[in-house]
Amino acid sequence: MIPSDAAVSPLPPRWTLAAPCSERAAALAREAALPLVIAELLVARGIGTAAEAEQFLHPRIEHLLDPYTMLGMDRAVKRIQRAVELREPILIYGDYDVDGTTATVLLKTAIEMLGGTVRFHIPHRLREGYGMQREILDIAAREGVRLVISVDTGIRAFAAADAAAELGLDLIVTDHHLPEPELGTPRALAVLNPNQPNCLYACRHLCGAGVAFKLSHALLEAWDRDRARTKVLPSFLKLLAIATIADAVPLVGENRVFVALGLAELRRPVGLGLRALMQEAQIDTARRPLTPVDVAFRLAPRINAAGRMDIASEVIELFTTRDAARAGELAAKLERLNQERRAAEAAMLAEITARLEEPCFREARCIVMDGDGWHRGVIGILASRIVDQTGKPAVVVTRENGEAYGSGRSIAAFHLLEAIESCHEIFTRFGGHAHAVGFSLPSERVPDLRDRLIAWAAAHLREEDLGRAVECHAELPLSQITPALFTWLRQLEPYGMGNKEPIFLARNVRVAAAPLVMKEKHVRLRLAQGTTYSAVGWNLAARLRDLQIGQDSIVDLAWRLRENDHPTFGGLELEIAAIEPAHTSA
């Protein structure tokens, strides 16, 4: 850290530096024998004691929370146990994304291990859309089903819950989406959702598969506690880690335990389907450990491709088949579907990027982009791309035969679900989270939606909330980088939502050699500040040219620490998060 009496230059616009928490961090550093910079990062994450630091840095299976602290768990477990005892067929009603399909696999596997009979239904995105439908419940009732369990859906399925009651079906809702503020929860035998009123569960940010896992956790420990703890639950964490990362829930609390342990288990994939999928994604865990980035950008898109482009139920078959040839076929199909998804996305993104230059989009604080016949399976991805490009919340809407279907993504400062709820009367259906929503509405209401969301954003977003902000977590000159620091930073992994990878600030750094441009858009620098490090800047070549940064330039640098594993020139290096000419102090 720089001395307190040193001259401190102002930060570039949209760069922020976390407020120091020196006294608490110093106390934690002494108590837990940590480097001060690591203690500062932990304190910023709400960790204040050595015991909390130990649990954060070294997650273990013993750190899983008691599932019975989740409201409704006892009733749900007893009803499933009774269904197993009476040999009643059980229907699991899932969803078509990574979260919903993996949740279905986890709960189906757990109930079948108890001896239960399970069937499942994953809706077709284009033909059925999101959520439980009465027609499927009618079929289930006629076929002798008496218990339906929803996963990753159902918290706003009031009509479906009423239909289940009329048909004599017991309904257990397991979901993580936010309940309807005024109407509460649907009529069901039990509702498992840490976000529902009066639920005291300590981790409120579980994904849908996380809630299904906690139900499985309770069932399996009641069946055979030792076997559950030593074998079954650790094996379940593989898919749960994938779902938790893919759904972008905060990687803190129990979610951190899920992902840390799940990634470790993924180094030794046993299931035929998972192994085949990892092979298609060219992931070799023997060469290096799997990371959240691998999951988010290589595994999850292939799983999601089934629901986006075809039939998501095949994901269930992939992860449950015991036929190696069939697993290979299904994994190869997901690879083909993912290529189709990428092609469709690229074509639509080119059109959307061109339209973003229109004045109406440049001026609005919320982007609402609509078009005819855009593929429903990729509009959520496109909304994310718009957020990345503009730093504004974005909603992408496609119109088909008089109905419009939309998906939205947001920024940290904007609660998108609240914005959608502010004009709830125009929708056929909607749901989601603070930062991701999905909905449908009549096509003629799209202009009304645009006007309402733009007005809501104008009232609830400040200009300084928009754009790409660079959040520096601590100030650290390059001279203080050591291999030991890198080892400590690795213990903060896995990084993700709620546990962002630290970005450090270094001021007045000298560019020691002419920048090396790679593939016309990336750049490699030699940076000197007491010592010299190699640094890579992805997509920063044009930025350096615009700023006229060259050899001997003095820059302010936002950086992450990396390890290059190249056999010849490997070692510690920097990844540039942002770079600006150094500002002189006032």
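Quick caveat: nothing in here was measured; it's all calculated off a predicted structure. (Residues numbered from 1 in each chain as written. Predicted model: local features only at pLDDT ≥ 70, side-chain atom pairs only at ≥ 80, totals over all residues. Heavy atoms only, no water.)

1. Some remarks on the state of the cysteines
We apply this condition: Pairs of cysteine sulfur atoms within 2.5 Å are what we label disulfides. Burial classification: accessible surface area is computed with a 1.4 Å probe over protein chains only, and a residue below 20% of its type maximum counts as buried, one above 50% as exposed, and the rest as partly exposed.
Across all of its chains, the model carries 0 disulfides by this definition. The structure places no disulfide on Cys203, whose sulfur is separated from the nearest cysteine sulfur, that of Cys207, by 9.5 Å. Given a relative accessible area of 0%, Cys207 falls into the buried group.

2. Things to note about helix α2 (residues 36–44)
How we decide: Put simply, DSSP marks the helices as runs of H or I at least four residues long and the strands as runs of E at least two long, and each gets a number from the N terminus on. Residues are treated as being in contact if the distance between any of their heavy atoms lies within 4.5 Å.
Counting buried positions over the 9 residues of α2 gives 7, a clear majority of the element. When α2 is considered as a whole, its buried residues turn out to be Val37, Ile38, Ala39, Glu40, Leu41, Leu42 and Val43. For α2, the secondary structure elements touched by its buried residues are α1 (22–32), α3 (50–57), β13 (474–475), α18 (483–491) and β14 (504–511).

3. A word on the nonpolar core
Soluble, globular proteins show a tendency: their nonpolar side chains are buried together. Stated precisely, the cut-off is as follows: Only buried residues count toward a nonpolar core, which is a set of Ala, Val, Leu, Ile, Met, Phe, Trp, Tyr and Cys residues joined through side-chain atoms within 4.5 Å.
With 122 residues, the main nonpolar core has Ile80 and Leu215 as its most contacted residues. Beyond its immediate sequence surroundings of up to four residues, Leu215 is in contact with Met73, Ala76, Val77, Ile80, Leu107, Ile149, Thr174 and Leu192. Core analysis: the second largest hydrophobic core is formed by 43 residues, Ile47, Phe486, Leu557 and Trp559 among them.

4. Quick word on unusual backbone geometry
Here the residue pair Glu493 and Pro494 is connected by a cis peptide bond, since its omega of 5° sits within 30 degrees of zero. Relative to the helices and strands, Pro494 is located in the loop between α18 and β14. One non-glycine residue with positive phi stands out, namely Ala33, at about 55°. Its location among the elements puts Ala33 in the loop between α1 and α2. Its relative accessible area of 57% is what places Ala33 among the exposed residues. Of note, Asn198 is a non-glycine position whose phi angle comes to about 70°, a positive value. The residue Asn198 is located in the loop between β6 (190–192) and α8 (208–246) in this model.

5. Details of the environment of Thr291
Tracing the sequence through the fold places Thr291 in the loop between α10 (272–280) and α11 (292–309). Judged by its relative accessible area of 28%, Thr291 falls in the partly exposed class. Spatially, the C-alpha atom of Thr291 lies 9.8 Å from that of Leu266, the residues being 25 residues apart in sequence.

6. A word on the side chain of Glu580
To be explicit about the condition: Contacts described as polar in this section are N or O atom pairs within 3.5 Å, which, within protein, must combine one atom able to donate a hydrogen with one able to accept it, while residues neighboring in sequence count only if both atoms come from side chains.
As for its position among the elements, Glu580 is in strand β19 (residues 571–581). Only 2.5 Å separates the side chain of Glu580 from the side chain of Arg543, close enough to count as a polar contact.

7. A look at the packing of aromatic side chains
Inclusion rule: Between 30 and 60 degrees the pair is tilted, below 30 it is stacked and above 60 it is edge-to-face, where a pair is any two Phe, Tyr or Trp rings, Trp via its six-membered ring, whose centres lie within 6.5 Å. Lysine NZ or arginine CZ positioned within 6 Å of the ring centre and within 35 degrees of the ring normal marks a charge as sitting over the ring.
Here the structure, examined in full by the defined rule, presents 4 aromatic pairs. Connected via pairs of aromatic rings, a cluster forms that spans Phe427, Phe430 and Phe439. In this structure, Arg256 packs its charged tip against the face of Phe56, placed 3.7 Å from the ring centre. The side chain of Arg376 reaches across the aromatic face of Tyr405, ending 3.8 Å from its centre.

8. Section: the packing of α1 against α2
The following threshold applies: Angles here are taken between N-to-C directions and fall from 0 to 180 degrees, while the axes themselves are lines fitted to C-alpha atoms, restricted in helices to the stretch in contact. For a crossing to be left-handed, the near helix must be turned anticlockwise from the far one by less than a right angle; the clockwise case is right-handed. When residues are grouped by polarity, Ala, Val, Leu, Ile, Met, Phe, Trp, Tyr, Cys and Pro land in nonpolar, Asp, Glu, Lys and Arg in charged, and all others, Gly among them, in polar.
Two numbers describe how α1 lies on α2: the axes approach to 8 Å, and their chain directions differ by 115°. When you trace α1 past α2, the crossing you get is right-handed. Counting all contacts with α1, which are made through Ser22, Arg24, Ala25, Ala26, Leu28 and Ala29, the residues of α2 involved are Leu36, Ala39, Glu40, Leu42 and Val43. Per-class residue counts for the contact of α1 with α2 are 8 nonpolar, 1 polar and 2 charged.

9. Focus: the sheet that holds strand β11 (residues 436–442)
Applicable threshold: At least two bridges found by DSSP between two strands is the condition for calling them paired.
Taken in spatial order, the 5 strands of this open sheet run β7-β8-β9-β11-β10, and their pairing is mixed. Looking along the sheet, the strands with just one partner apiece sit at the ends: β7 (367–372) and β10 (429–432). Pairs of neighbouring strands in the sheet enclose a mean axial angle of 15°, with direction left out of account. Bridge count for β7 against strand β8 (residues 394–400) is 6 bridges, and the pairing is parallel. By the bridge assignment for β8, Val368 is matched with Val395. The strands touched by helix α15 (residues 379–390) are β7, β8 and β9 (403–409); relative to β9, the strand with the most contacts, the crossing angle is about 45°.

10. Concerning the pairing of β7
Rules: By convention, a crossover is right-handed whenever its connection, traced from the first strand over the helix to the second and viewed with the strands pointing away, goes clockwise.
Counting buried positions over the 6 residues of β7 gives 5, a clear majority of the element. Viewed along the sheet, the connection from β7 through α15 into β8 turns out right-handed.

11. Examining the confidence of the model for the chain
Caution applies to low-pLDDT regions: their predicted coordinates should not be interpreted in detail. To keep it simple, the criterion reads: What pLDDT conveys is the predictor's confidence in a given residue, as a value from 0 to 100.
Within the chain, residue pLDDT values average 91, and 97% of them lie at 70 or more. Contacts of residues 1–7 to residues separated by more than four positions or lying in other chains number 8 contacts, the stretch itself having pLDDT below 50.

12. A look at the layout of surface pockets
Take a probe with the size of a water molecule and roll it over the atoms, and the empty space left behind shows itself. Operational definition: Any residue with an atom within 4 Å of a point lines the site, the site being either a cavity, points on a 1 Å grid over the protein atoms alone where a 1.4 Å probe fits but cannot get out, or a pocket, an open set with protein on both sides within 12 Å along at least 5 of 7 lines. Grid points are joined across faces, edges and corners, and a volume is the space filled by probe spheres set on the points.
Here the second largest pocket defines a volume of roughly 820 Å³. Taken together, 24 residues make up the lining of the second largest pocket; nearest its centre are Thr109, Ser235, Phe236, Gly271 and Phe319. Listing elements by their share of the lining of the second largest pocket, those giving two or more residues are α5 (98–113), α8, α10 and α12 (313–320). Broken down by class, the residue content of the lining of the second largest pocket amounts to 10 nonpolar, 6 polar and 8 charged.

13. Regarding the sheet that holds strand β3 (residues 117–121)
Across the sheet, 5 strands lie side by side as β3-β2-β4-β5-β6; this open sheet has parallel pairing. Each having just a single partner strand, β3 and β6 make up the two edges of the open sheet. Strand-to-strand twist across the sheet, computed as the mean angle between neighbouring axes with direction ignored, equals 20°. Across 5 bridges, strand β2 (residues 89–93) lies against β3 in parallel orientation. Bridging from a neighbouring strand, Ile92 pairs with Phe120 of β3.

14. Description of the environment of Ala83
You can see Ala83 is positioned in helix α4 (residues 73–85). Assessed through its relative accessible area of 0%, Ala83 is described here as buried. If near-sequence neighbours (up to four positions away) are discounted, Ala83 is found in contact with Glu88, Ile90 and Leu147.

15. Notes on the pattern of salt bridges
We count it as follows: Salt-bridge detection follows one rule: a side-chain nitrogen of Lys or Arg within 4 Å of a carboxyl oxygen of Asp or Glu.
Scanning the entire structure with this criterion turns up 42 salt bridges. Between Glu464 and Arg462 there is a salt bridge, with its nearest N and O atoms 3.6 Å apart. Between Asp465 and Arg462 there is a salt bridge, with its nearest N and O atoms 2.9 Å apart. Residue classification places Asp465 among the buried positions, given a relative accessible area of 18%. If you follow the salt bridges from partner to partner, you end up with Asp370, Asp372, Arg399 and Arg450 in one network.

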